[in-house]
Amino acid sequence: MAAATKVIDRLKVGASPPAPGGTLPLTFFDVPWLFTGPVERVFFYPYAHTAEHFFAAHLLPSLVSSLSATLHAFYPLLGRVRPCPDGGDGGYEFFCSADGGEAVELTVAESSDNFDELSGGGPRDVARLYALVPQLPRPEADGSFALAAAQVTVFPARGVAVGVSIHHVACDDSSYMHFVKTWAARCREAISGADAVPVPPPPPPFLDRGVVADPEGLAARTLDEMRQLPANGPPPPPPAPTGPPPKLVIASFALTRDRIDGLKRRVAAMVAAGADGGTGRVHCSAFTVACALAWACLARAGGGGGGEERPRAHLLFSVECRRRLAPPIPQEYLGNCLRPCFVEVGAAELHGGDGVAAAAAAIGASVAGLDGGVLDGAGGWFHKILSLVPERPMSLGGSPRYGVYETDFGLGRPAKVELVSIDKTPGTVSLAEGRDADAHAAGVEIGVVLPEAEMARFSSCFADALEELCD
């Protein structure tokens, strides 16, 4: 941790009442995330009290007791992923013991860092944010590993930061936010007391993984392909730069609703005029234009998107499939339910004056293509993702649909939410809904992690693009 942040305590928080425990299988949606890492977010809240007030008053005890109650319902997050004792299908399973001994580590910390700066939108050293992010325990010798950790950091008289890390193999962002919002709702209820008007927490998670059919054995096949990688080697990554690594900074860029509507009109007009190569139409949603704008700006800033050695620019993003499956599965399903979407355009198009329109047309076509079958080509997803690694694709994390700014622990709406883990993969951009409390007026917030020089270019490109496209 940074010197500005000191650990006060490390609490082991179990489920209350005790969780039932048991084992659950990994589905073919989970297996590709097995050897990745956690999704890490930090939620910032103003808090005008002293550290002593935070520890002595009922805020910290409420955070602990509400986390314990939440873990009862989300008990798979209490446990770990382990190799199947019998070497069964998939090779790995979720395991949570039923003896009440499982616990999630909650780190309690105090920071003297600048809360207002950290919770702002300007460029900040991403390493400072990692002082607020809980680290998952190291894997055990048998290959098993824990799935979740949390951290609460108080900035005396300034604010509180709540950090949550959940390994991606356990769940996607939809389930991640379902867990965090349930914890927040229970904490809000505990702080408000009996006199407050009760607000029901989100519905409980749906734990039956049997709803994810796998008649073609994709889970076992994907794991076999992953095991072959050490022998054959994955595609070579981009060449490592010489010299010390540049300092990475994280920054946010706001697209207001008015800007989004203007971008949609402008992109639709450009596409109708033939900027997309002649189709004359595009699926032009807020997601489409925000993603297209970020992709074009990232390419022009030098953070990915082709060049002389890469004539094609690539984008990789995930689509949530719960409602798209046949039959659909409950939105509260706890686990991964994502499929990758692959988009490519000519690098020259992306760098050109109509780059945003070209990107929007390609993204819209990819989304529209899902109507033909959301699981089409599932057997080739893993290899296609690997084949794109040398191409340095832009990838996306988060979504405006998940409502991260609705996460209220009893301290009101967050002042800022950061998806810190986007720094793990170069060229990854985060999306969230805008911070405006009016859902109808809220736009889209774009988060970017880049070296300082590239961030300055991205910021300039972003401002120029808005001026050109929205005038």
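These figures come from a predicted structure and were not determined experimentally.

Caption draft 1: Molecular detail of the overall build of the protein. The secondary structure content of the protein amounts to twelve helices and 17 strands. For the protein, with 471 residues in total, the buried portion stands at 51%. Considering only contacts in the protein between residues 6 or more positions apart, those separated by 24 or more positions represent 79%. As presented, the protein carries roughly 20000 Å² of accessible surface, and 55% of it is formed by carbon and sulfur atoms.

Caption draft 2: Local environment of the environment of Met270. Checked against the element boundaries, Met270 lands in helix α7 (residues 257-272). Owing to a relative accessible area of 8%, Met270 belongs among the buried residues under this scheme. A sequence separation of 199 residues divides Met270 from Leu469, and the C-alpha atoms of the two residues are 9.8 Å apart.

Caption draft 3: Structural context of helix α10 (residues 355-368). End to end, α10 covers 20 Å across 14 residues, agreeing with the expected 20 Å (1.5 Å per residue, within 8%). Among the 14 residues that make up α10, twelve are buried, leaving the element largely enclosed by the rest of the structure. Along α10, the residues that are buried comprise Gly355, Val356, Ala357, Ala358, Ala359, Ala360, Ala361, Ala362, Ile363, Gly364, Ser366 and Val367.

Caption draft 4: Inspection of the pattern of salt bridges at higher detail. All chains considered together, the criterion is met by 21 salt bridges. One salt bridge in this structure joins Arg124 and Glu418, with 2.7 Å as the shortest N-O distance. Of this pair, Arg124 sits in strand β7 (residues 124-125) while Glu418 sits in strand β15 (residues 416-419), placing them 294 residues apart in sequence. Side by side, Arg124 and Glu418 carry an identical accessibility label, which is buried. The partner of Glu445 in a salt bridge is Arg435, and the shortest N-O contact between them spans 3.0 Å. Here Glu445, found in strand β17 (residues 444-451), pairs with Arg435, found in the loop between β16 (428-433) and β17; they are ten residues apart in sequence, far enough to count as distant. Classification of Arg435 by relative accessible area gives partly exposed; the value is 37%. What you see here is one network of salt bridges that share partners, running through Arg124, Lys416, Glu418, Arg435 and Glu445.

Caption draft 5: Summary view of helix α11 (residues 381-388). Along α11, the positions that sit buried rather than exposed are Trp381, Phe382, Leu386 and Leu388. The buried residues of α11 all sit within an arc of 160 degrees when viewed along its axis, so they share a single face.

Caption draft 6: Broad picture of the side chain of Thr428. Along the chain, Thr428 falls in strand β16. A polar side-chain atom of Thr428 sits 2.7 Å from a polar atom in the side chain of Ser395. Polar side-chain contacts of Thr428 include one of 2.9 Å to the backbone oxygen of Thr425. When neighbours within four sequence positions are excluded, Thr428 is seen to be in contact with Ser395, Leu396, Gly397 and Ile422.

Caption draft 7: Representation of the pairing of strand β11 (residues 248-255) within the structure. Extensive coverage of β11 is indicated by the burial of six of its eight residues. Two elements, β7 and β11, share two bridges in a ladder whose sense is antiparallel. When the bridges of β11 are listed, Arg124 appears paired with Ile250. Sheet topology note: the β11/β17 ladder contains eight bridges and is antiparallel. Paired with Ser252 across the two strands is Gly447, which belongs to β17.

Caption draft 8: Region of the structure containing the pairing of strand β4 (residues 80-83). In the sheet, β4 pairs with strand β5 (residues 92-96) via four bridges, with the strands oriented antiparallel. Pairing of Arg82 across the sheet is with Glu93, part of β5. Where β4 and strand β8 (residues 145-146) come together, two bridges link them in antiparallel fashion. Bridge pairing in β8 links Arg80 to Ala146.

Caption draft 9: Just the sheet that holds strand β10 (residues 159-167), in detail. The mixed open sheet is built from six strands, whose spatial order is β1-β6-β9-β10-β3-β15. Both edges of this open sheet fall to β1 (5-13) and β15, since each of them pairs with a single strand only. Along the sheet, successive strands turn relative to each other by an average axial angle of 15 degrees, direction set aside. In terms of strand pairing, strand β3 (residues 38-46) meets β10 through nine bridges, oriented antiparallel. For Phe44, the partnering residue across the bridge sits in β10 and is Ala161. Along the sheet, helix α2 (residues 59-73) makes contact with β1, β6 (104-111) and β9 (148-155), crossing β1 at roughly 40 degrees. In the packing of helix α5 (residues 173-192) onto the sheet, contacts are made with β3, β9 and β10, and the angle to β3 comes to roughly 35 degrees.

Caption draft 10: Highlighting the packing of aromatic side chains. For the structure on display, the rule yields 13 aromatic pairs. Each ring, one from Phe253 and one from Phe462, has its centre 5.2 Å from the other, and the planes form 45 degrees; the classification is tilted. Remark: Phe462 occurs in helix α12 (residues 452-470) and Phe253 occurs in strand β11; sequence separation between them is 209 residues. A residue is classified by how much of its surface remains accessible, and Phe253, at 10% relative accessible area, is buried. Grouping aromatic residues by their ring pairs yields a cluster made of Phe44, Phe115 and Phe155. Above the ring of Phe95, the side-chain terminus of Arg82 is found at 3.9 Å from the ring centroid.

About the thresholds
Residues numbered from 1 in each chain as written. Predicted model: local features only at pLDDT ≥ 70, side-chain atom pairs only at ≥ 80, totals over all residues. Heavy atoms only, no water. Helix = DSSP H or I, 4+ residues; strand = E, 2+ residues; numbered from the N terminus. Buried < 20%, exposed > 50% of the residue type's maximum accessible area, 1.4 Å probe, protein only. Contact = heavy atoms within 4.5 Å. Areas by Shrake-Rupley, 256 points an atom, 1.4 Å probe, with all protein chains shown as cover. Expected span 1.5 Å × (residues − 1). Salt bridge = Lys/Arg side-chain N within 4 Å of Asp/Glu carboxyl O. Arc of directions from axis to C-beta. Polar contact = N/O pair within 3.5 Å; in protein donor to acceptor, adjacent residues only side chain to side chain. Pairing = 2+ DSSP bridges. Axes fitted to C-alpha atoms, helices over the stretch in contact; angles between N-to-C directions. Phe/Tyr/Trp six-rings, centres within 6.5 Å; stacked < 30°, edge-to-face > 60°. Lys NZ or Arg CZ within 6 Å of the ring centre and 35° of its normal.

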